[in-house]
Every structure is written in C-alpha cells, then in structure tokens.
Amino acid sequence: MRTRNIGMYVLLTTIALVFVGPFLILLSSGLKPSDQAVFAFPPDIIPRPPVLDWVKEAWTAIPFPRYLLNSVIYVGAMVPAYVLVSALCAYPLARLRFRGRNLIFLAILSTMFLPGEVMLIPRFLVVSQLGLADTYAGVILPGLLSAFGIFLLRQTFAGVPREIVDAARTDGCHELRIFWHVMLPAARPTLAILAIFGFISVWNSFIWPLVVLKDSAKYPIALGIAYLAGITGTDVRTLAAGTIISIIPVVVVFMLMQRHVLEGMRGAVKG
Amino acid sequence: MPGQRWYTPYLFALPALALFGVFFVWPAVTAIQLSFMKYDVVSPPAFVGLDNFVRLLGDEKFWTATLNSVLFLIGLFPLLVVLPLLLAVLVNQKLPGIRTFRMLYYLPVVTSMVAVAVAWEYVFNQQGVLNWILTGAGLLDQPIQYLLDPFWALPALIVVEGWKSMGFYMMIYLAGLQTIDTSLYEAARVDGATAWDRLRRITVPLMIPYIAVAFTMEMLDAMQAFTSVYVMTRGGPQDATLTLGYYIWSAGFEHYEMGYASAIGLVLWVVMIALAILNHRLTRGKS
C-alpha cells in the first residue's frame, strides 16, 4: 500500500508539473539576468541571480500601473453590480408568484446559448449607437447580466426556510426589506462564490474590451499584455515579467479562495 | 401574497430585463438583419438579400475556417472530454494533500488566455522545453517552430486551449464522481475487478450525464476558439489556424464587412444549436 501511494504521488506531481510548468518557465524567463540565455538545450531554469530589471522594464514599456488600475476599476464596478443585478432578478424568480415568471427565467437562461463571438459585432454596433463605444461604461454594462449568477442565486433563495420569510412578512416587512435583510444574508456563501468568479472573469476579460476600446489608456491588464506582446522588439524577458505580474492578483485570490471556487463549481454542476 | 403589489416582482427583475433587452435581444435582432445587408460602418446599411450567404458558399476562407473549427472540435475531444475524467478519478482518491493537486490542475483555468498564450510561446520556442523533450526522447530529429509551421500550428493551439480548460472539465467530473456510491467499488473489488474494469463498468456508465454535459460544453468552446488564435497566430500561417470565431472578428473589425461577418456568425450560431440538440438526443437515450 505504501509503495502504491508513493507511485501515486509521483504521478500526481508529474501531472502537476505539466499544469504549472509553463508558468514556471515564464517566471524563470522574467527573472533571468541578461547574460543568461532564456532558451537553451538542456533548459536552464534557475535564474543566476534572479533580477528585477525586467519587471521594471515591463512597468514602463507600457503604462502598466494604468492598466492595473483600469482592471481594478472594471472589477470594482462590475463585480458588485452584477451580483446585485443577479440577486434582484433571482429573488422574485425563486420566491414570488407572478405572470411570466417561467418565461423570464427561460429568456435569461437562453443567453447561455448566444455565443460571445456571434454577438460581438451586433453588440458593438448597439453599444456604438448608444454612444458608449470607447468608454468604461461600454465595457462594463454588457457584462452585468449573468445567467449563471441568476441561476445559482435562484436556487439558493429557493432553499431559504419559509418560516424565516413568513416571520418577517408578519412583522410587516415589505419585499425589499425581506430581500435585503433576510435573503441576502442567507445567501452569503453563494454571493461570495459569485464575487470570486466575477473577479476572475473580469480580471481576465479580453475580447469585449478589445472590441469596444480604441483608446489604449482604458485597457484592462490582459489587453495590455497582448499589446506588450504585439510591440515589435519587446524583449522576451520583459514580456515574461509583465505577464507574471498580470496574473499575480488572480492567482493569489484563487489560492486564498480555492475552496469556494471549487465548491461553487460543484454547486453549479449539481444544479 | 398580502402586502405585495402586482408590479413588485417586475421591479426586482427590471435591471436584468433591461440588460437582457439592450445587450441580448437588440443585438440578436441586429445580427439577423445585418446578415441580409451590406454594411461597412461608413455608409448606411444596404439590403442585399441572400448575397452574404451565397458569397459564403463560394468563400474558400469560410470553408477553411469551418474545417479548422471542426478540427478544433475533434482535437479538443480527448483533451476536454476523455482526459479530464481520468484526472477526476485520480484526484477523487482520499490521499493527504489531494486538494493541493486539484488546485494546481485548476490553475490555468483562472489565468487569462492571454497570459496562457504568452507562457506557451516560451514552451513552443525553437529552443524551448518542448523541443528539448521531443528531440531528447528521439521523437523529433529537428526542433520545430510549432506556431510558424502550417501543419503544427493548429495542433499547438488545440493543446493550449485543452491545457487551459482541462481543470474545469475535471471539476465537472469530480462533482459527478462524488455522487457515486463507494460501496459499488468495494463490491467490485471483492469480486476481483481491476482498476480498468471498475472504470469501464462502474464509473463510465454512471458518468454518462456528466460526459454529455462535458461534450456539449466542449463543442461550444471549440467552435468559439478566438483568444488563443488572436494572441498566438492571428489565423496564420497561411490560414492554418483560421477558426470561425477568428474569421468573424477579422471580417468585422479588420475588413469592416459587418453584414458578411454577421452572416458567418448566424451560420455558426445555427451550427452550435444544432450540435447541442444532436448531442442531447444522442446521450439522452443512453442515460
């Protein structure tokens, strides 16, 4: 049994290297001094000594702090707004009886079958007609409707015990108060999951900002990295260093919150 | 319900419904209209009937893109439907530290496609680690420039897309595996069934609904491949990695043929819905 376990760990670790390896290569390339080759047979992975020159270089080769700030702005605006919009819509779908309830739910779910690439052009034209092309609002607004968020919260709200809600109702609470003081606190774990997923997806967003934005000063970080990669003459070490910085926030959040992320996925699949 | 006005539920749903109308219904209607028009953003749209669709049939690039998207779909199948099931079985074991391995396998899922594409350019470099492993193992005589090679560029992108999403599909399967009653495995073990027998006779049959979900998602993912193409190859070399997703973008935003791009989009949309329905039909009978 013991040797079987050791074999299992060797296998698990080898596979882990496949998934982490490319990031380690990136990290090593971004820290290597200029007199050490980035590529070599056999690979020369350990930087001797590690230097931060390329981090500084990446920081100034493109307006890096600006892009990071933009991503923080997009996350700060989009995550709370999308969670709130989802919760507001999910509450009546889960707990109130009204005409058109199923129709609304089906309509929202159908958006999952509208592929992003197909919607790219018409949505860009709509956003342009609204005068939102090349604006922060143009990036933010179309991303606030989430079928996933509404779906998950509808399930959570439906599971809140009836007695608690009835007690609040007999105390004379109107629906908005019930929503705010009973439902939202009861759904806290689901709200946390949605916030984390929202953070990851907004931080990584690429295609839609690429289409909406002309002015590179409004780029989120992922678009900034693509821009850095596209500049001819960008040193491979600089690009590696910049890319590593760009993923640190999301990797840190994921590592701290991994239990929620993986639990959240399980909840979504079971639904 | 006492104290509830008839319009209260609609007020709650209003923000979501407004977003649905403006950013889903309106664009969807626009897409259908545009596919029958010629529109270059500068001059007003002109109705051209079925011209865009006729042109599409004779457009060699469209067929190249369709073929590449189908190859994407086929190539991603083992990477996103088959391998993640094996990975899930592997990380479903009760071993100390197994959560850490799950997390590491999931890491590429949470990083941006742009960062992943950049990281893989280092792996694919002529003097990179992949060439070192393959030449060292005697599988290659000469290092290959994967992303510049008309034959290898598409498989290279498929590997990157598959690698990035594998952890996500693994978690779908893991959720399914954890619903299986472990006593089934105990019983099989008593009967002397090997690990392979258990996988084939217990795991796979019970996982059919999850395999169906994974397959549907894999198809939708494959048909939409864009960011990896945009960052790594721009559809090249010689259209070898031109996918439908990239072709729509390129027709719309590089050549400003919004009508034609919409027509391609509409075709892609119909194909995706057809694939999803077909898959649903195929797997429903089995589960």
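None of the values given here were measured: they were computed from a predicted structure.

Peer 1: Is there a simple way to explain the overall build of chain A in this structure?
Peer 2: Helix and strand content of chain A: 13 helices and zero strands. In chain A, the succession of helices and strands from N to C terminus is α-α-α-α-α-α-α-α-α-α-α-α-α. For chain A, the C-alpha atoms occupy an extent of roughly 75 × 65 × 30 Å along the three principal directions. At a minimum sequence separation of 6, the contacts of chain A that also span at least 24 residues come to 75%.

Peer 1: Please clarify how the interface of chain B and chain A should be interpreted in this entry.
Peer 2: A common measure of how large an interface is: the accessible area buried when the components associate. The interface of chain B with chain A comprises 67 residues on the first partner and 71 residues on the second. Those elements giving two or more residues to the side of chain B that touches chain A turn out to be helix H1 (8-34), helix H4 (98-110), helix H5 (113-124), helix H6 (129-136), helix H7 (153-177), helix H11 (227-232), helix H12 (244-253) and helix H13 (258-284) of chain B. Top element by residues in the side of chain B that touches chain A is H1 of chain B. It accounts for 18 residues. When grouped by side-chain class, the residues that make up the side of chain B that touches chain A number 51 nonpolar, 15 polar and one charged.

Peer 1: I'm lost on the domain arrangement of chain A in this one. Help?
Peer 2: All names here are of chain A. Per the domain assignment, the segments making up chain A are domain 1 (1-51) and domain 2 (53-270). Of the residues lining the interface, seven residues belong to domain 1; the matching set on domain 2 comes to nine residues. Among the residues forming the side of domain 1 that touches domain 2, the class breakdown is four nonpolar, two polar and one charged.

Peer 1: I'm lost on the UniProt feature "transmembrane region" (unreviewed entry) in chain B in this one. Help?
Peer 2: Residue and element names in this part refer to chain B. As recorded in UniProt, the feature "transmembrane region" (unreviewed entry) lies at residues 70-91, 103-124, 208-232 and 258-278. Within the segment residues 208-232, helix and strand shares are 88% and 0% respectively, and the terminal C-alpha atoms sit 35 Å apart. Between the end C-alpha atoms of residues 258-278 the distance is 30 Å, and the span holds 100% helix and 0% strand.

Peer 1: Looking at this structure, I do not really get the environment of alanine 61 of chain A. What am I missing?
Peer 2: Residue and element names in this part refer to chain A. Within the fold, alanine 61 resides in helix H2 (residues 53-61). As for alanine 61 and glycine 242, which are separated by 181 residues in sequence, their C-alpha atoms are 9.5 Å apart. Apart from residues lying up to four places away in sequence, alanine 61 is in contact with Leu228, Thr234 and Thr238.

Peer 1: I tried to follow helix H3 (residues 60-91) of chain B on my own but got confused; where do I start?
Peer 2: Over its 32 residues, H3 of chain B runs 45 Å from end to end, which matches the ideal 46 Å to within 8%, given 1.5 Å per residue. In H3 of chain B, a bend of some 45° at leucine 76 of chain B exceeds every other bend along the element, and proline 78 of chain B, a proline, comes one to four places later.

Peer 1: Looking at this model, I keep getting lost on the nonpolar core. Mind explaining?
Peer 2: Generally speaking, nonpolar side chains in soluble globular proteins are found buried as a group. By size, the foremost hydrophobic cluster in this structure holds 166 residues, and its most contacted members are Val114, Met170, Tyr173, Ala214 and Ile264 of chain B. The residues contacting isoleucine 264 of chain B, other than those within four sequence positions of it, are Leu56, Phe62, Leu244, Tyr247, Ile248 and Ala251 of chain B.

Peer 1: Looking at this structure, I do not really get the UniProt feature "domain: ABC transmembrane type-1" (unreviewed entry) in chain B. What am I missing?
Peer 2: Mapped onto this numbering, the UniProt entry gives "domain: ABC transmembrane type-1" (unreviewed entry) at residues 66-279 of chain B. Taken end to end, residues 66-279 of chain B has its terminal C-alpha atoms 19 Å apart, with 74% of it in helix and 0% in strand.

Peer 1: Which parts of the structure should I look at to understand the packing of H7 of chain B against helix H10 (residues 208-223) of chain B?
Peer 2: What describes two packed helices is the angle between their axes and the distance between those same axes. Residue and element names in this part refer to chain B. Between H7 and H10, whose axes approach to 10 Å, the crossing angle comes to 160°. Regarding the angle of H7 to H10, the classification is roughly antiparallel. Like other packed secondary-structure pairs, H7 and H10 cross with a definite hand, here right-handed. From H7, Ser165, Tyr169, Ile172, Tyr173 and Gly176 reach across to H10, where they touch Tyr210, Val213, Ala214 and Asp221. Across the contact of H7 with H10, the residue classes break down as six nonpolar, two polar and one charged.

The rules behind these values
Residues numbered from 1 in each chain as written. Chains lettered and ligands numbered in written order. Predicted model: local features only at pLDDT ≥ 70, side-chain atom pairs only at ≥ 80, totals over all residues. Helix = DSSP H or I, 4+ residues; strand = E, 2+ residues; numbered from the N terminus. Contact = placed C-beta atoms within 7 Å. Nonpolar A, V, L, I, M, F, W, Y, C, P; charged D, E, K, R; others polar. Domains from an automatic or database assignment. UniProt positions renumbered as here; feature names shortened; annotations may be inferred. Expected span 1.5 Å × (residues − 1). Bend = angle between axes of the 7 residues up to and from the residue. Core = buried A, V, L, I, M, F, W, Y, C linked by C-beta atoms within 7 Å. Buried ≥ 20, exposed ≤ 12 C-beta atoms within 10 Å, placed from the backbone. Axes fitted to C-alpha atoms, helices over the stretch in contact; angles between N-to-C directions. Parallel < 35°, antiparallel > 145°, perpendicular 65-115°, else oblique. Left-handed = near helix turned anticlockwise from the far one by under 90°.

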